[in-house]
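Now for the letters of each chain:
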Amino acid sequence: MKNFKDILNSNSFDRDDIVRMLSAQGEEYSILMAESASVSEEVFGKKIWFRGLIEFSNICVKDCFYCGIRRSNRNINRYSLTDGEILSAARFAHENGYGSVVLQGGEIRTKRFADRITSLVRSIKQMSDGRLGITLSLGEQDKEIYREWFDAGAHRYLLRVETSNPGLYSVIHPHDCLHRFDKRVDCLNHLKEIGYQTGTGVMIGLPGQTVEDLADDILFFKRVDVDMVGMGPYIEHSDTPLYGRRSILLTLGERFTPPLK
């Protein structure tokens, strides 16, 4: 078996190395956390970047089994901010020194919606004299729509794949044309081809998920060559089919917390 410190000092990690690190406990966990903190400070320093997240709508055409804003959930108050409210939030971010804003909402795939986002992006760029960055997180869209939004001034896009395991993906989504793993990956590739700084990510603690799945997720991020990664715990929602089925041992803070000293 490889020495744990030798793994950390490597220039690249294979699947077994990543599984070993994700499974670290005790002394190995402490070594891993110390190395992580060191690398983070070396790359980013001790700085904080402010990003303004504008959750402007919870209306969504998707019916994902894990999500509280899924189309079939009738126990939710739907909302959509007005253009004026969105622009007011963006103006606040600009005037208070935020580097960028994120327009995030449920997935809608209509021309009216696409045109609205194009107009909002252009307005935010004009209002901020081009200085406020714009990130979009609006789900799967046609490549032409992604390009239209990019040309209007958006420069980053977040599209979480949720899991890189097609089998697990099929467990947490309906089996129809709106919920296809290959379509999700195609969208990530389209975003990169257009020129977006592209972000994706996965949930930790999905029903049936394993440490090996998480290792494969990390290798997927490297293979697709994304610019931003988000990996966070799967938070259950009581109005979803998957409620009560999370993989609790994989959830950060429960599996990986070191013993108190």
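Residues numbered from 1 in each chain as written. Predicted model: local features only at pLDDT ≥ 70, side-chain atom pairs only at ≥ 80, totals over all residues. Heavy atoms only, no water.

This brings us to the overall build of the chain. Within the chain, the secondary structure is distributed over 9 helices and 6 strands. In terms of overall size, the chain behaves like a compact globule, its C-alpha atoms giving a radius of gyration of 20 Å where 261 residues would be expected to give roughly 18 Å. Scored against the burial criterion, the 261 residues of the chain give a buried share of 42%. Residue pairs in contact within the chain that sit at least 24 positions apart in sequence constitute 70% of those at least 6 positions apart. Counting only carbon and sulfur atoms, one obtains 52% of the accessible surface of the chain, whose full area is about 14200 Å². Within the chain, the 36 negative side-chain charges are centred at a point lying 3 Å from the centre of the 34 positive side-chain charges. (Helix = DSSP H or I, 4+ residues; strand = E, 2+ residues; numbered from the N terminus. Rg over C-alpha atoms; globule rule 2.2 N^0.38 Å. Buried < 20%, exposed > 50% of the residue type's maximum accessible area, 1.4 Å probe, protein only. Contact = heavy atoms within 4.5 Å. Areas by Shrake-Rupley, 256 points an atom, 1.4 Å probe, with all protein chains shown as cover. Lys, Arg positive; Asp, Glu negative; His and termini not counted. Charge placed at Lys NZ, Arg CZ, Asp CG, Glu CD.)

This part is about the packing of helix α6 (residues 143-152) against helix α8 (residues 181-194). Two elements in contact, α6 and α8, have axes separated by 10 Å at closest approach and are oriented at 35°. By crossing handedness, the relation of α6 to α8 is classed as right-handed. In this structure, α6 contributes K143, Y146, R147 and F150 to the contact, and α8 contributes C187, H190, L191, E193 and I194. (Axes fitted to C-alpha atoms, helices over the stretch in contact; angles between N-to-C directions. Left-handed = near helix turned anticlockwise from the far one by under 90°.)

Bringing unusual backbone geometry into the picture now. At E162, a position not held by glycine, the phi torsion is positive, near 75°. Structurally, E162 can be placed in the loop between β4 (156-158) and α7 (166-171). One non-glycine residue, D225, adopts positive backbone phi at about 65°. On the secondary structure map, D225 appears in the loop between α9 (211-224) and β6 (228-233). The class of D225 is partly exposed, set by a relative accessible area of 48%.

Quick look at the sheet that holds β4 now. The strand order across the open sheet formed by 6 strands is β1-β2-β3-β4-β5-β6, and the pairing between neighbours is parallel. Each of the sheet's edge strands pairs with one partner strand only, and the pair in question is β1 (51-57) and β6. Along the sheet, successive strands turn relative to each other by an average axial angle of 20°, direction set aside. Taken together, the 2 bridges between strand β3 (residues 133-137) and β4 define a ladder with parallel strand orientation. (Pairing = 2+ DSSP bridges.)

Moving on to the side chain of S100. Looking at where S100 falls in the secondary structure, it is placed in strand β2 (residues 100-105). Setting aside anything within four residues of it in sequence, one finds S100 in contact with F50, R51, G52, L132, G133, I134 and R156.

For helix α2 (residues 15-22), the full list of buried residues reads D17, I18, V19, R20 and M21. For α2, the elements touching its buried residues are α1 (4-8), α3 (26-44) and α9. The backbone nitrogen of D16 lies 3.2 Å from a side-chain oxygen of the residue at the head of α2, namely D14. (Polar contact = N/O pair within 3.5 Å; in protein donor to acceptor, adjacent residues only side chain to side chain.)

The next thing to look at is a nonpolar patch on the surface. Together, V39, V43, F44 and W49 make up an exposed nonpolar region whose accessible area comes to about 420 Å². With respect to the secondary-structure elements, V39 resides in helix α3. (Patch = residues over 30% accessible without salt bridge, like charges linked within 9 Å, V, L, I, M, F, W, Y side chains within 5 Å. Salt bridge = Lys/Arg side-chain N within 4 Å of Asp/Glu carboxyl O.)

Next up on the list: the packing of aromatic side chains. Counted according to the given criterion, the structure contains 9 aromatic pairs. Relative to Y157, the ring of Y146 lies with its centre 5.0 Å away and its plane at 75°, an arrangement referred to as edge-to-face. Taken as a pair, Y146 in helix α6 and Y157 in strand β4 lie far apart in primary sequence, 11 residues in all. A single burial state applies to Y146 and to Y157, both of which are buried. Measuring from ring centre to ring centre gives 5.4 Å for Y169 and F181, while their planes differ by 70°; the resulting arrangement is edge-to-face. On the criterion of sequence distance, the pair formed by Y169 in helix α7 and F181 in helix α8 is long-range, its members being 12 residues apart. Site record: aromatic cluster; members linked through ring pairs are Y146, F150, Y157 and Y196. (Phe/Tyr/Trp six-rings, centres within 6.5 Å; stacked < 30°, edge-to-face > 60°.)

Take α8 next. For α8, which comprises 14 residues, the first-to-last C-alpha distance of 20 Å matches the rise-based estimate of 20 Å (1.5 Å per residue) to within 8%. Buried residues belonging to α8 abut α6, β4, α7, β5 (197-204) and α9. (Expected span 1.5 Å × (residues − 1).)

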